[in-house]
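Structural characterization, general
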Amino acid sequence: MPEGTGGTPPRTLAEALRTQGDDSLAALLRARPDLLNPVPGDLSQLATRAGTRASVVRALERLDRFTLQTAEALAVAPEPAPYDTLRALLTGDEGDERIEAALPTAVATLRDQALIWGADDRLRLVRTARELLAPSATHPSPTGLGPTVAEATAGMSPGRLQEILTATALPSTHDPVSAVASLTALFIDRTRMAALLDTAPMEALSVLDRLVWGPPYGEVTSSPTPPVRWLRDRGLLLPATTRTVVLPREAALHLRAGRAHRKPEPAAPAVAPRTEGAASGSAAARAQAGRFLPPAARAEAARPETARPQVVDSTAAGQAFTALATVEELAKDWNEGGPNVLRAGGLSVRDLKRTATALDVTEPVAAFWVELAYAAGLLASDGETDERYAPTPAYDDWQERPAPERWAHLAGAWLTATRTAGLVGSQDSKGRTLAALGTDLDRGPAPEVRRRILELLATLPAGTAPDPESLLARLRWERPLRGASAAGRSDDLRGRLAAWTLNEAEMLGITGRGALSSHARALLDGDGPDTGTGTDRSPAHQSAHQATRLSPAGLRAAHALAPLLPEALDHVLLQADLTAVAPGPLLRPLAELLSVAAEVESKGGATVYRFTPGSVRRALDAGQSASDLHEFLKNHSRTPVPQPLAYLIDDVARKHGHLRVGVASAYVRCDDEAVLDEILADKRSQGLRLRRLAPTVLAAHADAGALLEGLRTMGFAPAAESADGDVMITRAHAHRTPPRAAPVPVPDGPPTPDRTLLSAAVRAIRAGDMAATVVRRPVPEPTVSGSATLSAAAAMSAGLSLADVNGALPRTTSAETLATVQAAAMTGSAVWIGYVSADGAASQRVIAPVRVEGGYVTAYDHTADEVRTYPLHRITGVAELADDPA
């Protein structure tokens, strides 16, 4: 049995904490890290902080359902409650072996988190927790129980109490206290209570049946029905207000066969496998799945759903490659400067729709990819006056990494990010629509929910998908308070986070056909993945390489994924219809040139590119020559270059640069006068307002860009000309933001302290507690002129506070202080001192003096757990300890 001071049972939570070892205190601070900010000065401060409402609410929110039910049962039990009483409230009269087996663990959890204290024969719930969980008229108990007989009859007239005793055949008493005790004894006596209910009318028992499991309150009229009157006369219904009655707790417990809860849940519900024929994955993921799967893997994935891990890994790997392609496509779309940043932050609805069209996905899916790239540090705002979104320098470094490492970076960012793309398009508490990349999308529980769902998926056999409802039921059991919505529905935040997690994991390739992939299992091993941003996330101290650095778990995941991804190809298949077929993913140089010289016609397992006059001209504008294009296509095609394609390239190249456009506002020059005559004769040139300056030169009022576009619309192939008369090579301008760190996740409460911090905090709390509770020898009261005791006014006039006079700090003369510390240094004993620091802060400390010289005392400070030096003139006084703490 834990004992307090002097071998007696602890009377307070602080005394109970003093009986615990350092490991128990460290476990408490680890489970409730909010108690560490700031570090409590002693155990009394720790106990006080552990009993505050905010801290208790946070602790209760992190309890599983059965542990919470245990605390709720203790809240309706008499205080203090023996362990047997608590067990009876949970198991009922018939008992339950499962509950009896799980109860010790629940009690230990509550005790370790300082929500209950005391030995098993005197369990006490922390007062704040009792106030939150105990039933009241304004705050019904989760158990559905009402107030006790004593609470319900408070203020009832003695005459009315005697009438109830008479109606229940109990002997009359002389005072209300004994009357209440007699009625309570009747209700908790199973035999006598059963005999009383045997005499009740059937209609009265029906009334009790409606109230027994809660809520225990019911409305009555001024002229109640006979069944209600029968119950009121015998105290089975007691008045709560003038129009309501309540079923007393003791009577309800008898009707419930002693159980506090209708359905105790001592064991977590199992995550069940998904039944045959159930849909696998999200609609968005299924729409994108298979785009880059090899033919054999696509055929395998098309078969009926099986539990083979190979199918899951192949499906997940295909979706992982699709995820990489989608992020690259997004960055390419924003490469020259993406959408503008709204004044309030985020993307506009119009820009999100345009991005969704460019990615060929729905708007919610586009919001997910945009948020994922932002969380991974690959996209950010450029911070310019006309602020826009654009890729970051870290994106270029990310692109150079192997595909498995790029996926691991995205998966790690998703797993730890608090930004929640599923909220995009919904409204906040003020009715404002939440925008993608906005400032109000962080939800602290998101990383915990994502990781917990993946951990639960990992408990199933490889290749097995879970039943979503059983998964949600498990999450609600593990965090019932955080998963409870106001109306009792399942559309709470954690439930929505769970649904979003399942869809996002499928789109990202963490799961395949709803089952956890092998590379995702590797991602869960170890201390957990991170986004690789290191400890310093500021842009000034973070290079692009550091921003994409992987954790050990990320490297293991990348290694597991590598054999599953298709290898990048260095060739295409050119066809006579001016198309090129890429049978798989292409190496970056080939893919980049094709994206300039051809238009993407279709995507999928094989990407089809189409060459057009406009795309070939775009390649020539980017600095390629006709011979360069011929050579490149010849080297990267497994089929001969078709004659129509060669003709197309030569024809566009022959016309390219034949016309020259400069700045007059703009001008057109050409050695062939007939071409200029043709332009002037064309009605479509009227908007350009051209006029001939010379036989080979036309001037225009339009700028050079509009003139180029107008002439190309008319079917010509002009080239831009520099001020020196040279052809200008135009390339796509890659706009990049300044170095940007990935957004820092918003934690759901204080972070979990590490072992070093816990050890230091426990030592500091122990030292401070020893200084506050050590037994000291009495200190003589301060006197004036060595004789008269100081009054309050005299003490203040002497420069002492009332706390000094009352003994909070010792007060001795300088000579007495010097003599006492010198004696302690010689004997090696500890003393208690009052000390005032340079900033005027007063404190009390327990020190063991080692050396006294030059007006300073060097001592081991038990409070700070280190050797310190104190000026003697700042020591207000010193007192010897009754017992040496050493």
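Reading the values: rules and limits
Residues numbered from 1 in each chain as written. Predicted model: local features only at pLDDT ≥ 70, side-chain atom pairs only at ≥ 80, totals over all residues. Heavy atoms only, no water. Pairing = 2+ DSSP bridges. Helix = DSSP H or I, 4+ residues; strand = E, 2+ residues; numbered from the N terminus. Axes fitted to C-alpha atoms, helices over the stretch in contact; angles between N-to-C directions. Phe/Tyr/Trp six-rings, centres within 6.5 Å; stacked < 30°, edge-to-face > 60°. Lys NZ or Arg CZ within 6 Å of the ring centre and 35° of its normal. Buried < 20%, exposed > 50% of the residue type's maximum accessible area, 1.4 Å probe, protein only. Contact = heavy atoms within 4.5 Å. Core = buried A, V, L, I, M, F, W, Y, C linked by side-chain atoms within 4.5 Å. Salt bridge = Lys/Arg side-chain N within 4 Å of Asp/Glu carboxyl O. pLDDT = per-residue confidence, 0-100.

1. Quick word on the sheet that holds strand 11 (residues 579–582)
- If you walk across this open sheet you meet the four strands as 10-11-13-12, and the pairing is antiparallel. Because the sheet does not close on itself, it has two edges, and the strands there are strand 10 (573–575) and strand 12 (599–602). Each strand axis lies, on average, 30° off the axis of its neighbour in the sheet, ignoring direction.
- Pairing analysis gives four bridges linking strand 11 to strand 13 (residues 607–610), with the strands arranged antiparallel. Across the sheet, residue A580 finds its bridge partner in strand 13, namely Y609.

2. Focus: the sheet that holds strand 3 (residues 217–219)
- If you trace the three strands from one edge of the open sheet to the other, you get 3-5-4, paired in antiparallel fashion. The open sheet has two edge strands with one neighbour each: strand 3 and strand 4 (238–239).
- As paired elements, strand 3 and strand 5 (residues 244–246) share three bridges and run antiparallel to each other. Bridge pairing in strand 5 links Y217 to V246.

3. Points about the packing of aromatic side chains
- By the definition in use, this model includes four aromatic pairs.
- With centroids separated by 4.8 Å and ring planes inclined at 70°, the aromatic side chains of Y835 and Y870 adopt a geometry described as edge-to-face. Of this pair, Y835 sits in strand 21 (residues 831–836) while Y870 sits in strand 24 (residues 866–871), placing them 35 residues apart in sequence.
- In this structure, R406 packs its charged tip against the face of W398, placed 5.5 Å from the ring centre.

4. Describing unusual backbone geometry
- Residue P38 is bonded to the preceding N37 through a cis peptide linkage, with omega at -5°.
- Mapped onto the secondary structure, P38 falls in the loop between helix 2 (22–31) and helix 3 (43–50).
- Here the residue pair E79 and P80 is connected by a cis peptide bond, since its omega of -5° sits within 30 degrees of zero.
- Within the secondary structure layout, P80 lies in the loop between helix 5 (65–75) and helix 6 (83–91).
- Positive phi outside glycine occurs at L437, with the angle close to 65°.
- Inspection of the secondary structure puts L437 in the loop between helix 22 (403–416) and helix 23 (446–458).

5. A short note on the side chain of S55
- Tracing the sequence through the fold places S55 in helix 4 (residues 53–61).
- The class for S55 is buried, based on a relative accessible area of 4%.
- Ignoring any residue separated from it by four or fewer positions in sequence, one finds S55 in contact with R32, D34, L35, R49 and A50.

6. A look at the nonpolar core
- Formed by 88 residues in total, the largest nonpolar core has its most connected members in L29 and L46.
- Not counting residues up to four positions away in its chain, the partners in contact with L29 are L35, L36, L46, P753, L758, A761, V762 and I765.

7. With respect to the pattern of salt bridges
- Tallied over the full model, the rule gives 33 salt bridges.
- The salt bridge partner of R684 is D682, with a shortest N-O separation of 2.9 Å.

8. Comments concerning the confidence of the model for the protein
- With 84% of its residues at a pLDDT of at least 70, the protein reaches an overall mean of 82.
- This stretch, residues 485–490, has a pLDDT under 50; its non-local contacts, to residues over four places away or in other chains, come to five contacts.
- Here residues 527–541 is modelled with pLDDT under 50, and outside its nearest four sequence neighbours on either side it reaches 40 contacts, counting other chains as well.

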